[in-house]
Amino acid sequence: LVNSVSRRCRGLVSAGVTTVCDLGSVGDVVQRVRNAIGRGELVGPRIHCAGRPITTPDGHLRSFGLLASNEESMAASIESLVADGVDVVKVVATGGASTPGTALGRAQFTTNEIRCAVHFAANAGLLVAAHAHGTEGIERAVEAGVHTVQHCTWLDDEGNAGPLDLGVLDEMARRQQMAVIAGPLPEELAEWLSAHVRTSHDEAIDFGLRGQRQLTTWANAYTARKHGVMHALGTDALFGQFADFHDLAWRAQGLVELGGWPENLVLDALWRGGALALGLSEEIGVVAQGAHADLVVLGGDPRFDIRALHDVRAVYREGSPISRFD
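The rules behind these values
Residues numbered from 1 in each chain as written. Predicted model: local features only at pLDDT ≥ 70, side-chain atom pairs only at ≥ 80, totals over all residues. Heavy atoms only, no water. Axes fitted to C-alpha atoms, helices over the stretch in contact; angles between N-to-C directions. Helix = DSSP H or I, 4+ residues; strand = E, 2+ residues; numbered from the N terminus. Parallel < 35°, antiparallel > 145°, perpendicular 65-115°, else oblique. Left-handed = near helix turned anticlockwise from the far one by under 90°. Contact = heavy atoms within 4.5 Å. Nonpolar A, V, L, I, M, F, W, Y, C, P; charged D, E, K, R; others polar. Buried < 20%, exposed > 50% of the residue type's maximum accessible area, 1.4 Å probe, protein only. Expected span 1.5 Å × (residues − 1). Bend = angle between axes of the 7 residues up to and from the residue. Pairing = 2+ DSSP bridges. Phe/Tyr/Trp six-rings, centres within 6.5 Å; stacked < 30°, edge-to-face > 60°. Lys NZ or Arg CZ within 6 Å of the ring centre and 35° of its normal. Salt bridge = Lys/Arg side-chain N within 4 Å of Asp/Glu carboxyl O.

**Comments concerning the packing of helix α9 (residues 247-257) against helix α10 (residues 263-277)**
Two numbers describe how α9 lies on α10: the axes approach to 9 Å, and their chain directions differ by 150 degrees. On the basis of the axis angle, α9 is roughly antiparallel to α10. Like other packed secondary-structure pairs, α9 and α10 cross with a definite hand, here right-handed. Residues L248, A252, L255 and V256 of α9 form the contact with α10, whose participating residues are E263, V266 and L270. Its residues placed into classes, the contact of α9 with α10 shows six nonpolar, no polar and one charged.

Encoded structure:
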């Protein structure tokens, strides 16, 4: 598993990804790769990792997560993660698609239990990211004070895309809490993005149930962004879906060509948004004095053609070129 993570990291940095956040892994696998990259023994992006996610005994990701059922066990879970040397805490606030028997639209923890996680994580200097698909879980996570809401898809109790809660959006904007657009890209959308020349946003396309739900999710995220909520762009898996390691580029392309997002907001979510989500906005995601010299040279200008993100000509991490053959 360590070798698999290492290979993926080499591919990611060659594709122009110089920093990643892994929100849930088995044991200390990602921490070990993170440390090896930091020592210069492996080539890859700098890694922020959550290690084991905190979930309920019957909840999403329970097969490898830390299990908590009350505030006391939540505090103990944070203590274990600090001992594991994590960089961020992942709390699983709702069910997830990959765990049978869990409901995406229903909350797994109370507000006070998540607030307990935020409190003890803050004492250790750590931010909290909450996995939350359902509106119920999003509302609790926001009230509890998490830093980022992963997915933030606004599903109702039945798992259908429901309306956005404008009151919760106002609170997220006021607290400067972020939403992270993350999740597997439906095959129907991925195939269209790779096979078609860019055409009008008005083109009528039937992507099936999964594809249409993804488009609704992207539309809801755009509404939230216009409402003042900052976004970051993620993939939901360090291992990724695509052999070319361009998972972020494919999602960026999808947001523009199928989701109706303008290029400038997608690039903002990809770079500045990602840095803000990690609490590193003065170090990465910006070209400025004192920041890390992480630079990607593209063959075109993504402000006018988002597909230029696929045309990576050179990558520099902290001012040093990354060889495609490392």
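**Quick word on α9**
Burial of α9 is extensive: 10 of the 11 residues sit out of reach of the surface. Those residues of α9 lying buried are D247, A249, W250, R251, A252, Q253, G254, L255, V256 and E257. Structurally, α9 contributes buried residues whose contacts are with α1 (2-14), β8 (178-181), α7 (187-195), α8 (208-226), β9 (231-233) and α10.

**Looking at α10**
With 15 residues, α10 extends 20 Å between its outermost C-alpha atoms, agreeing within 8% with the 21 Å of an ideal straight helix rising 1.5 Å per residue. The axis of α10 is deflected most strongly, by about 35 degrees, at A269. Of the positions making up α10, those classed as buried are E263, L265, V266, L267, D268, A269, L270, G273, A275 and A277. Among the residues trailing α10, G279 stands out with phi positive, at a value near 70 degrees.

**Thoughts on the sheet that holds strand β10 (residues 295-298)**
Pairing within the open sheet is antiparallel, and its three strands lie in the order β10-β11-β12. Of all the strands in the sheet, the pair left with one neighbour each is β10 and β12 (320-321). Strand direction decides the pairing type here: strand β11 (residues 312-317) and β12, joined by two bridges, are antiparallel. The residue of β12 that forms the bridge with R317 is S320.

**With respect to the packing of aromatic side chains**
Counting across every chain of the model gives three aromatic pairs. The ring of Y222 is capped by K226, whose NZ or CZ atom sits 4.4 Å from the centre of that ring.

**Digging into the side chain of Q214**
Looking at the element boundaries, Q214 is found in helix α8. The buried category is assigned to Q214, whose relative accessible area is 13%. What Q214 contacts, discounting residues up to four positions off in sequence, is P184, P186 and L189.

**Observations regarding the pattern of salt bridges**
Summed over the entire model, instances satisfying the criterion amount to 20 salt bridges. We note a salt bridge from R251 to D247, for which the minimum N-O separation is 3.9 Å. With a gap of four residues between them, R251 and D247 both fall in helix α9, about one helical turn apart. Look at R251 and you get buried, because its relative accessible area is 4%. When its relative accessible area of 2% is taken as the criterion, D247 is described as buried. Salt bridges sharing common partners tie together R106, E136, R140 and D157.

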